[in-house]
Amino acid sequence: MLRINVLTVLLFLGLTAIAQNRKLSGVVTDGTTGKGIPSATVSIKGNKGSNRATDADGRFSLSVVNGKITLQVSAIGYVAKDLQVDAGTNEVTVSLAQSVENLSEVVVTALGIRREKKTLTYASQSINGDELRKAANINFMDALSGKAAGVNIFTSSSGAGGSTKVVLRGNKSLNGLSEPLYVIDGIPMVNNKGGQPGSYGGTDQGDGLSAINPEDIESMTVLRGANAALLYGSQGANGVVVITTKRGRSGKVTVNFNSSTTFDKVFNLPAFQYDYGAVNGSDYSWAMTKGSGYKRGYIENFFRTGVDATNSVSIAGGSDKTSVYFSYANTSATGVMPTNTYTRHNITLNQSTKLLKDKLTLSSNVMLSSEISRNRPGAGYYNNPLTGLYLFARERDFDSYKNNYQVFDSTRNLYKMNWYSTEEKQNNPYWEINNDPKFAKTYRIIASAKAAYEITKNLKFEARGSIDYADKLFDNRYAAGGNSVSVSPNGTWSYTKYTDQSLYTDGILNYNNKFGDFSVTAIAGASYQRNVFNDGMTVGNGTVSLQYPNFFTFANIPNNVMFKQTINRSIKEGVLANATIGYKEMLFLDLAGRNDWASTLALTGNQSYFYPSVGLTAIVSEMIKMPEYISFFKLRASTTKTANDVPFNVVSPNNTIGGTGTANATGGISRNTQVPFSNLKPEEIASTEYGAEMRFLNGRLGFDFTYYNATSTNQFLRLSAPSGSGYTFYYVNAGKITNNGFELTVNAEPIRKADFRWTTAVNLAQNKNKIVELIASNPNYQVGGDDEGFASIIKAGGSFNDVYIYKFNRNDAGQIILDTKGVPTKAKTQTLVGNVNPDYLLGWNNTFNYKNFFLSLLVNGKFGGVAFSKTEAFLDAYGVSARSAADRNGGQMSINAIQGTTAVTTIAPDVYYSSIGDRNRIMEPYVFSRTNVRLAQFVLGYTFPAKNKNAVIKDASVSLIGRNLFFFYKKAPYDPEQAMSTNNSMQSNDVFSMPATRSYGINVKLTF
């Protein structure tokens, strides 16, 4: 009987406990559009383990006590909200205001930690994934241009799969690329850049960014300064781009399908002439009499319409305990250069599971990608189809060389190039694209796992691990019978194969609590990272002839060409801590510190280095009563000291196997000729920033302003070793580089009505770079040198990317001095003519919503800076530019010159252009203003509303897309934002690089 009573009591208590809980369902919607907000976080106030994420429709459900509760709801890009729910309510709708007001906006910061933006003591800017995908860019970083303040982006002219150079707050390092760290869900991502073209040729080998599928990105946060990125250590010294990927949500399964097709057309080609040909079979079109019947249009017709097609599908769903997200995307691109193709496949799978009464959360993420590029366009003189295409002698029949680009050589039993010129920089363009194939392949996996355990209500521990592995192959083949200067008689082969691998793990303790008026958010942890990059081999015979023609195998490599092993290894360990102390939600003090141990500094005594950060934020609008029109006012300041990584293998360099071999023996040992750098120190960066944020008129107008100053010291500089030391060079730590400037973002909502809404944002930034000092004892020391007519030189008193060229040799009166033959002479030394970096960066982004229609317009501007074109110099020298024809039409052209003591006012066009054009001559006329303003993005679309909540298609939209449509203003004869190379020295320079393209197309999105 007693047992029955006990069971009865237990059953009663269990039923009572069940009766005290109820299921609460709801939806989180956009306060303006009424659409559901995916990935919003919903939790019960005071219950840390109750967090739920909304599904793709914005819906959620959770178990709550049978009484009055308070829901806390937040989402990236929206103002957080608390909502009281009465005991008898089982269904709620929570409407969030978009973050134009920005008072309680949640952002993802370092290590993937979500924080309210108002508490941050440094500058940050978040961009929603939908904004990045709006114009269907293949590379997500290209889509960021103009949408975030202070982000200077250079896009390779090589097309789909090409590399991108991003600089935040100026160049800080002479040795590195000064590019930010990219982080996916809190874990650093590898973004190694491959080889880049130069004046003599080459092909962009891409970077790590191109492998990421934009459809997987939920949001992106730009942490521009080292103050914000300190917790990542020296990796984050140049800023951090934090990428948050999509996740599965509790609720029913949703399927998203997205398809975009864009067409690329070449525009902004150089201005050519087709009236004057060559004389006596010359390569140069310098006839002074117009010809007749010369063909036109073959340059434009050489390029084709490029097509970029991307199709993606994602499936997301889950329960209160487990969520899953899967996506597949395929990108196929045919470039404007014939035979150029690019294919990318992406597969992403992530999951999250809660165990042990929701105290333990296990999550994982796997991202697979495959990229294959064929015949990616290059740049420079050699093996470039554009040189022969542009410089073609105008009186000749281009179609005959197009249709018969190769002729059979019976003596060698192979085809050889059919071309009229034997110059080293000219090739038949059709021979080049058909017989000189370039192949690049990258297979990549980024996999991570995380375990998060809630030790107590206020204390959580996270352990994470990841691997980022890429297998890369580059295979360039140049057929025998091509250009005899750049290709060996039996053909030239360049083969490179290597892997990049990064292993990363960390453990982080998170603490969050309140003590009366004070709040404390703190983290402490440790990290370990092991990188093995460029682990493989490379071989190339150059102009040393292969043993047999057109057999591109290792067995056919000549004996005196060495196979070279390549590798780059490093280990970095770190401990870190960060605490934010708040007082009455109006004052926040942020303290952070990190200590790193770097293997690249082993044996120096400097392998351990510490850097601190301190910041303060004051919410002035919470401290004092503000006028009614001021919604929010915040002041912030922070200062930090961090470091830049040092290269591998410089402390005690190894010898290598190298040198030439013979038929009977391999090569010998190549002895190291660098003095060991036993006291090497890391580059140091001290940074300070101040900021203010204000919102007016209930958030309909606001701005975010930041002023920063950064000083970089301990640069890594190379000097010649003393004679007789047994070495040829050595390194020292020296130098001082400063960067200072401002960043301003202005947001406004000029129109907010039931059926019509207009939001606008202006991003403006300026950076001033100065090389204060390099080698104090040698004021003439410089980095960089002449590149056949122009030079990118770094020296004390100047700035990073200063451009030097040869000007005309003039007398004191400004007259050009002619030699005894009446030819203009050039100055003895090169002269500084400007800096390629713009003075100001501007982006103006506008979105209009009228009922179910939407329109997006983005205007990008770069103001100041110079651009240089060696292409234009060659066109003039060969007499194929439009201006060379215009000046011939008058017989003579005007000039302000002097020959001996005689003033000269006219000169023959061929004499003038032959003396200044080509390479390594007078480059003064080929320096242009970089200033340009363009319509960078145009999107016009319509959203089809679902007929009811049970409809198969929950959401559908179609939009017309345009990118890079036209210039409002531009002085340069080419697009200065199309980078020939994304290394440190070739931005805004043009040496037969690909012309710019404009893109237009259609995008369709469906949600099931």
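Just so it is clear, the model here is predicted, and its values are computed rather than measured.

To continue, consider helix α10 (residues 882–889). Along α10, the residues classified as buried are S884, A885 and R888. The arc that holds the buried residues of α10, viewed along the axis, is 100°, so those residues lie on one side. Each element contacted by the buried residues of α10 is listed here: α11 (909–916). Looking one or two residues beyond α10, the residue adopting positive phi is G891, at roughly 85°.

The next point concerns α11. By the burial criterion, the buried members of α11 are P909, Y912, Y913, S915 and I916. Here the buried residues of α11 occupy an arc of 160° about the axis, which is enough to place them on one side.

With that settled, the discussion passes to the pattern of salt bridges. Under the defined criterion, the tally for this structure stands at 43 salt bridges. D704 serves as the salt-bridge partner of K117, at 3.8 Å between the closest nitrogen and oxygen. Separated by 587 residues along the polypeptide, K117 in the loop between β9 (114–116) and β10 (125–128) and D704 in strand β35 (residues 701–720) bring together distant segments of the chain. We note a salt bridge from E462 to K460, for which the minimum N-O separation is 3.4 Å. Via salt bridges that share partners, K117, R169, R224, K634, R636, E689, E693, D704 and E743 belong to a single interconnected network.

So, about the nonpolar core. I299, F303, L386, L389, Y390, Y912 and Y926 are the most contacted members of the largest nonpolar core, which totals 65 residues. Not counting residues within four places of it along the chain, the set of residues in contact with Y912 comprises F808, P824, M893, I895, I907 and P925. Within the second largest apolar cluster, 37 residues are counted, among which are I113, I187, Y504 and Y609.

Attention now goes to empty space enclosed by the protein. It is a probe the size of a water molecule, rolled over the atoms, that shows where empty space is left. Counted under the stated rule, the structure contains 14 cavities of 30 Å³ or more. Lining the largest cavity are 45 residues; nearest its centre among them are N137, D142, T155, R963 and Q978. Looking at the lining of the largest cavity residue by residue, the class counts come to 13 nonpolar, 22 polar and 10 charged. Along the wall of the second largest cavity there are 16 residues; nearest its centre are R115, Y122, L231, N578 and D590.

When the UniProt feature table is mapped onto this chain, "domain: TonB-dependent receptor plug" (unreviewed entry) is found at residues 117–240. From the first C-alpha to the last, residues 117–240 spans 16 Å; its make-up is 7% helix and 24% strand.

Let us look at the confidence of the model for the protein. When pLDDT is averaged along the protein, the result is 90, and 96% of the positions lie at 70 or above. Within the model, pLDDT remains below 50 along residues 1–19, and this stretch shows 1 contact once partners closer than five positions in the same chain are excluded.

Before going further, it helps to examine the sheet that holds strand β51 (residues 978–979). In spatial order, the strands read β12-β11-β51; together these 3 strands make up an open sheet with mixed pairing. Whereas interior strands pair on both sides, the edge strands pair on one side only; in this sheet they are β12 (164–168) and β51. Note: strand β11 (residues 151–156) against β51, 2 bridges, orientation parallel. Considered in β51, the bridge of S156 is made with A979.

How each quantity is defined
Residues numbered from 1 in each chain as written. Predicted model: local features only at pLDDT ≥ 70, side-chain atom pairs only at ≥ 80, totals over all residues. Heavy atoms only, no water. Buried < 20%, exposed > 50% of the residue type's maximum accessible area, 1.4 Å probe, protein only. Helix = DSSP H or I, 4+ residues; strand = E, 2+ residues; numbered from the N terminus. Arc of directions from axis to C-beta. Contact = heavy atoms within 4.5 Å. Salt bridge = Lys/Arg side-chain N within 4 Å of Asp/Glu carboxyl O. Core = buried A, V, L, I, M, F, W, Y, C linked by side-chain atoms within 4.5 Å. 1 Å grid on protein atoms, 1.4 Å probe; cavity = no way out; pocket = protein on both sides within 12 Å on 5 of 7 lines; lining within 4 Å. Points joined across faces, edges and corners; volume = space filled by probe spheres on them. Nonpolar A, V, L, I, M, F, W, Y, C, P; charged D, E, K, R; others polar. UniProt positions renumbered as here; feature names shortened; annotations may be inferred. pLDDT = per-residue confidence, 0-100. Pairing = 2+ DSSP bridges.

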